[in-house]
Amino acid sequence: MDELREVTVTPDRYTTYHYAGASGDFNPIHLDDEFARSVDLPSKILHGLWTMAQVARAQTDVVGGPLALKSLSVQFRGMGVPEQDITITSKLKSQGDGEAVFDCEAVQDGSKLVRRGRAVLRI
Amino acid sequence: MSHSDTYLVGREKIREYAASIGEQSPLCHDVAAAREAGYEDVVAPPMFAAVYKWRAMGPAVLDPQIGIDFSRLVHGAQDFTWHLPVVAGDEITTEASFVDEAKRGEIKVYTFSSRSTNQRGELVCEGTWTNFVR
């Protein structure tokens, strides 16, 4: 198993609309630039849980598939925006007893969207 | 304060959700592949927990007794622990509870927890939601 992995995902212009429909989270801060600015955000922002799903996928695409994830915890920080690359870094912290533990984070344009991520996978 | 609700997991919802996050595993899209792997139907990606839990978590977070301004709410941290797979056709009951409220400088921090069980009463997923209000 690689000690260090890096994957890049790029949300497109419509990602937040697809995710809103799929998840049911229609908070206008994710859909409407004008509304987002009215509540002091730079523009519409990504759903944190979409970004967390990318952190999950960065593990499970490589290690054992979607059901291999036993737990994932993250802290959300900077606001993610559409149409900019997100780099997810995962570092093997320990492995044994049928599981592997990774520390992970997600960075977009120099700002951490997810920090102190901790993923535990069945191996 | 706690809220409970039941979410019926649909096959097309799993496919739609999987597509929205870029999940391409055949287990999440292809019924035959899921059955071949021993599941009754397509399998929910783990982060689909955020969707079936929201049915109970939404009302918990938006409870007027707690008084969070939704437009100022930022998701601060999230933690999920998965115990069993969720497949299309499952009925997932989630109980969401307010845990506590704290102040960190100018920001208020509200913590909620959730427990989800399937139609057989088996624990499938637990979660902790931490919300910041700017």
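Residues numbered from 1 in each chain as written. Chains lettered and ligands numbered in written order. Predicted model: local features only at pLDDT ≥ 70, side-chain atom pairs only at ≥ 80, totals over all residues. Heavy atoms only, no water.

Caption draft 1: Fine view of the overall build of chain B. Of the regular secondary structure elements, chain B holds 3 helices and 5 strands. In terms of its C-alpha atoms, chain B occupies a principal-axis envelope of roughly 55 × 30 × 20 Å. Taken across its 134 residues, chain B has 49% of its residues classed as buried. When the accessible surface of chain B is totalled, it reaches about 6000 Å², and 48% of it is carbon and sulfur. A gap of 5 Å separates the mean positions of the 13 positive and 19 negative side-chain charges of chain B. (Helix = DSSP H or I, 4+ residues; strand = E, 2+ residues; numbered from the N terminus. Buried < 20%, exposed > 50% of the residue type's maximum accessible area, 1.4 Å probe, protein only. Areas by Shrake-Rupley, 256 points an atom, 1.4 Å probe, with all protein chains shown as cover. Lys, Arg positive; Asp, Glu negative; His and termini not counted. Charge placed at Lys NZ, Arg CZ, Asp CG, Glu CD.)

Caption draft 2: Spatial organisation of the sheet that holds strand β5 (residues 111-122) of chain A. With antiparallel pairing, the 10 strands of this open sheet are ordered in space as β1(A)-β3(A)-β4(A)-β5(A)-β2(A)-β2(B)-β5(B)-β4(B)-β3(B)-β1(B). Of all strands in the sheet, those bounded by a partner on one side alone are β1 (4-9) of chain A together with β1 (2-8) of chain B. Strand-to-strand, the axes of this sheet are offset by a mean angle of 20°, without reference to chain direction. As paired strands, strand β2 (residues 73-82) of chain B and strand β5 (residues 123-133) of chain B are joined by 9 bridges and run antiparallel to one another. Across the sheet, V74 of chain B pairs through a bridge with F132 of chain B, a residue of β5 of chain B. (Pairing = 2+ DSSP bridges. Axes fitted to C-alpha atoms, helices over the stretch in contact; angles between N-to-C directions.)

Caption draft 3: A look at unusual backbone geometry. All names here are of chain A. Positive phi, close to 55°, is recorded for D97, a residue that is not glycine. With respect to the helices and strands, D97 occurs in the loop between β3 (86-96) and β4 (99-108). Judged by relative accessible area, which is 83%, D97 ranks as exposed. Even without a glycine there, the phi angle at R116 is positive, about 50°. Take R116: it is sitting in strand β5.

Caption draft 4: The interface of chain B and chain A, seen in detail. Taken together, the contact pairs 34 residues of chain B with 34 residues of chain A. When chain B packs against chain A, the two sides together hide about 2700 Å² of surface, and 61% of this comes from carbon and sulfur. The largest contributions to the chain B side of the interface with chain A come from I21, M47 and W82 of chain B, which together make up 19% of the buried area. In this assembly, chain B and chain A are joined by 1 salt bridge. In this assembly, chain B and chain A are joined by 11 residue pairs in polar contact (both at pLDDT 80 or more). Those elements that provide at least two residues to the side of chain B that touches chain A are α1 (11-21), α3 (49-61), β2 and β5 of chain B. Along the lines of polarity and charge, the residues of the side of chain B that touches chain A split into 20 nonpolar, 8 polar and 6 charged. Examined bridge by bridge, strand β2 (residues 69-76) of chain A and β2 of chain B share 5 bridges and lie antiparallel to one another. Within β2 of chain B, the position partnered with L72 of chain A by the bridge is F80 of chain B. (Contact = heavy atoms within 4.5 Å. Buried area = accessible area lost by both parts, 1.4 Å probe. Salt bridge = Lys/Arg side-chain N within 4 Å of Asp/Glu carboxyl O. Polar contact = N/O pair within 3.5 Å; in protein donor to acceptor, adjacent residues only side chain to side chain. Nonpolar A, V, L, I, M, F, W, Y, C, P; charged D, E, K, R; others polar.)

Caption draft 5: Representation of the nonpolar core within the structure. L72 of chain A together with Y17, M47, Y52, F80 and F112 of chain B are the most contacted members of the largest nonpolar core, which has 61 residues in total. Residue contributions to this core peak at 8 residues, all from α3 of chain B. Among the nonpolar cores identified, the runner-up in size contains 5 residues, and A36, V39, L41 and I45 of chain A belong to it. (Core = buried A, V, L, I, M, F, W, Y, C linked by side-chain atoms within 4.5 Å.)

Caption draft 6: Representation of the pattern of salt bridges within the structure. Residue and element names in this part refer to chain A. The full count for this structure, using the stated rule, is 12 salt bridges over all chains. Taking the shortest distance from any N to any O, the salt bridge between D33 and K44 comes out at 3.9 Å. One end of the pair, D33, is in helix α2 (residues 33-38); the other, K44, is in the loop between α2 and α3 (48-60), with 11 residues separating them in the sequence. Under the relative-accessibility criterion, D33 is labelled partly exposed at 29%.

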